[in-house]
Amino acid sequence: MRRSLFSACCALMVCLTSTAQATWGFRGGVGVDKKITKGMSAGFEVRYHQSDNFQSTDRWSAGASLSKRLYRNEAKTFNVKSSVGYKFMNIYNEWSTKYKGDPEIVVEDDLEPQYYIDNNYDFNLNNAYVETRHRITASVQAAAEFGRFKISLRESYQFTHRDSAEYTKDKYRYDDNTWTIKSSTDGKSPSNTNVLRSRISMDYDIPHWKLDPFVSYEMFNGIDDSFNVEKSRITAGVEFSIQKKHNFEVAYLWQNQHDDDEPAGSFICLDYTFEF
């Protein structure tokens, strides 16, 4: 049973890796979870994300949450819980370039600035900048156990407020064998987004083995965009505990779509939570 489950997890991860985009990154988090009363707990977590093949910081965040069990049957095989949370995020936006020359000449955007300079192409360079965001979440999750299998479904509402941000824009223009560079300040106005996240996951408790495999699938539905599916992700990995207080999760995550919230690609995930 152990070999077959382990082989299945490996096969799934290999399959996901082969279909994922070339970009790799890292997502890690450290948190604490404190039991307040029976069925209620509070948590605090700090997270760090890397992207661009582990070469650049995507974000860091800090957040707090409160969860409450709403129902549990006598056999303790089915339960429903709710949670609310707040997260503060620093988002790191990399530089970007845009070709501004002859429209009849096809030139890609977001190439290295030196490429445009070497070819005497006019272009704009938006320099890297950092923006802050505030995120509030509210979710309801139902979980049922069937033997050693556990299946859960979570519906989560996510509200994100983006603060205004400024960055420097450099306009490179080539004329009469001379480059001129004009710098100006550009920026983004404050904005809000509303998303409904739907996740289904399955865990398996292997007897006499500390590593418990899991797999999950999650969809992000844009409430502001007629509930269209904006992106989805698949996660597969293992979780284990030491002395029932130190909880670890190691996983592979694949996201299919890039947006202004986070990049697409493959990610190695490592999380640790201390419960007391």
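Source: prediction; values computed, not measured.

Asker: Help me understand the packing of aromatic side chains, please; the structure alone is not making it clear to me.
Answerer: Two numbers describe a pair of aromatic rings. These are the distance of the centres and the angle of the planes. Enumeration according to the criterion identifies 16 aromatic pairs in this entry. With a centroid separation of 5.7 Å and 85° between ring planes, the pair formed by Y115 and Y116 is classed as edge-to-face. Residue classification places Y115 among the partly exposed positions, given a relative accessible area of 39%. Residue classification places Y116 among the buried positions, given a relative accessible area of 0%. Three or more aromatic residues joined by ring pairs form one cluster here, namely Y99, Y115, Y116, Y121, F123, Y172, Y174 and W179.

Asker: Just checking my understanding: could you explain the sheet that holds strand β8 (residues 149-162) for this structure?
Answerer: Note on sheets: strands pair through backbone hydrogen bonds, and any given pair is parallel or antiparallel. Strand order around the closed barrel formed by 11 strands is β1-β2-β3-β4-β7-β8-β11-β12-β13-β14-β15, with mixed pairing between neighbours. Averaged over all pairs of adjacent strands, the angle between strand axes in this sheet comes to 20°, irrespective of strand direction. Here strand β13 (residues 228-242) runs beside strand β14 (residues 246-255); their pairing, made up of 10 bridges, is antiparallel. Paired with R233 across the two strands is Q255, which belongs to β14.

Asker: Sorry if this is basic, but what is going on with the nonpolar core here?
Answerer: One broad rule of soluble globular proteins: the nonpolar side chains tend to lie buried together. Core analysis: the largest hydrophobic core is formed by 7 residues, namely Y99, V107, Y116, Y121, F123, L125 and Y172. Counting residues in hydrophobic clusters, the runner-up holds 5 residues, among them F214, A251, F267 and C269.

Asker: Mind showing me how you'd approach the sheet that holds strand β5 (residues 96-99) here?
Answerer: A sheet is described by the order of its strands in space; here 4 strands give the open sequence β5-β6-β9-β10, paired in antiparallel fashion. This sheet does not close on itself; its edge strands, each paired only once, are β5 and β10 (178-188). Direction aside, the axes of adjacent strands within the sheet are offset by 20° on average. Alignment of β5 against strand β6 (residues 123-126), held across 4 bridges, turns out to be antiparallel. Paired with T97 across the two strands is L125, which belongs to β6.

Asker: Would you explain the environment of P190 in this entry?
Answerer: Checked against the element boundaries, P190 lands in the loop between β10 and β11 (191-204). Spatially, the C-alpha atom of P190 lies 25 Å from that of K171, the residues being 19 residues apart in sequence. Not counting the four nearest positions on each side in its chain, P190 is found in contact with H161, R162, D163 and S164.

Asker: Can you help me understand the pattern of salt bridges in this one?
Answerer: Once the charged atoms of two side chains with opposite charge are near each other, the side chains can pair. Considering all chains together, one arrives at 19 salt bridges under this definition. Notably, a salt bridge pairs E131 with R133, separated by 3.2 Å at the nearest N-O pair. Residue R133 is classed as buried on the basis of its relative accessible area, which comes to 1%. One salt bridge in this structure joins E218 and R233, with 3.9 Å as the shortest N-O distance.

Asker: Hey, could you run me through a nonpolar patch on the surface in this one?
Answerer: Taken together, the side chains of F146, F149, I151, L153, I200, M202 and Y217 present a nonpolar region at the surface, about 630 Å² in accessible area. Broken down by secondary-structure element, the contributors of at least two residues to the nonpolar patch are β8 and β11. Broken down by element, the residue count for the nonpolar patch peaks at 3 residues, all from β8. Mapped onto the secondary structure, L153 falls in strand β8. Given the relative accessible area of 45%, L153 is considered partly exposed.

Asker: What's the story with the pairing of strand β3 (residues 56-72) in this structure? I'm lost.
Answerer: The side chains of a regular strand alternate between the sheet's two faces. The pairing of strand β2 (residues 40-51) with β3 spans 12 bridges and is classified as antiparallel. Paired with H49 across the two strands is R59, which belongs to β3. Here β2 folds back onto β3, and the loop between the two strands holds 4 residues, one of which, D52, carries a positive phi near 55°. Where β3 and strand β4 (residues 78-93) come together, 13 bridges link them in antiparallel fashion. Across the sheet, G63 pairs through a bridge with K87, a residue of β4.

Asker: Can you help me understand unusual backbone geometry in this one?
Answerer: Only a minority of non-glycine residues have a phi that is not negative, and only a minority of peptide bonds are not trans. You will see that D52, though not glycine, has its phi angle at about 55°, which is positive. Considering the arrangement of structural elements, one finds D52 in the loop between β2 and β3. Note on D52: relative accessible area 39%, which makes it partly exposed. One non-glycine residue, Q243, lies in the positive phi region at around 60°. Its location among the elements puts Q243 in the loop between β13 and β14.

Criteria and cut-off values
- By convention here, each chain's residues receive numbers from 1 onward along its written sequence.
- With pLDDT at 70 or above as the cut-off, local features in this predicted model cover only qualifying residues; side-chain atom pairs require 80 or more to be listed or tallied, and sums for whole chains, interfaces and linings still use all residues.
- Note that the side-chain values use all heavy atoms of the structure and ignore hydrogens as well as water.
- Note on ring pairs: Phe, Tyr and Trp rings are taken, using the six-membered ring of Trp, and paired if centres are within 6.5 Å. Classes follow the plane angle, with under 30 degrees stacked, over 60 edge-to-face and the rest tilted.
- Burial classification: accessible surface area is computed with a 1.4 Å probe over protein chains only, and a residue below 20% of its type maximum counts as buried, one above 50% as exposed, and the rest as partly exposed.
- We treat two strands as partners when DSSP finds at least two bridges between them.
- Helix and strand definitions here come from DSSP, where helices need a minimum of 4 consecutive H or I residues and strands a minimum of 2 consecutive E residues; each element is numbered from the N-terminal end.
- Lines are fitted to the C-alpha atoms to define the axes, a helix being fitted only along its stretch in contact, and any angle between axes, read from their N-to-C directions, falls within 0 to 180 degrees.
- The term nonpolar core refers to a set of buried residues drawn from Ala, Val, Leu, Ile, Met, Phe, Trp, Tyr and Cys, joined through side-chain atoms within 4.5 Å.
- Should any heavy atoms of two residues lie within 4.5 Å, those residues are considered in contact.
- In the sections that follow, a salt bridge refers to a side-chain nitrogen of Lys or Arg positioned within 4 Å of a carboxyl oxygen of Asp or Glu.
- Residues forming no salt bridge and having over 30% relative accessible area are the ones grouped into patches, like charges within 9 Å of each other and nonpolar side chains (Val, Leu, Ile, Met, Phe, Trp, Tyr) within 5 Å.
- The accessible surface values rely on the Shrake-Rupley method and a 1.4 Å probe; as for residues, cover is taken only from the protein chains in view.

These figures come from the coordinates and say nothing about function on their own.
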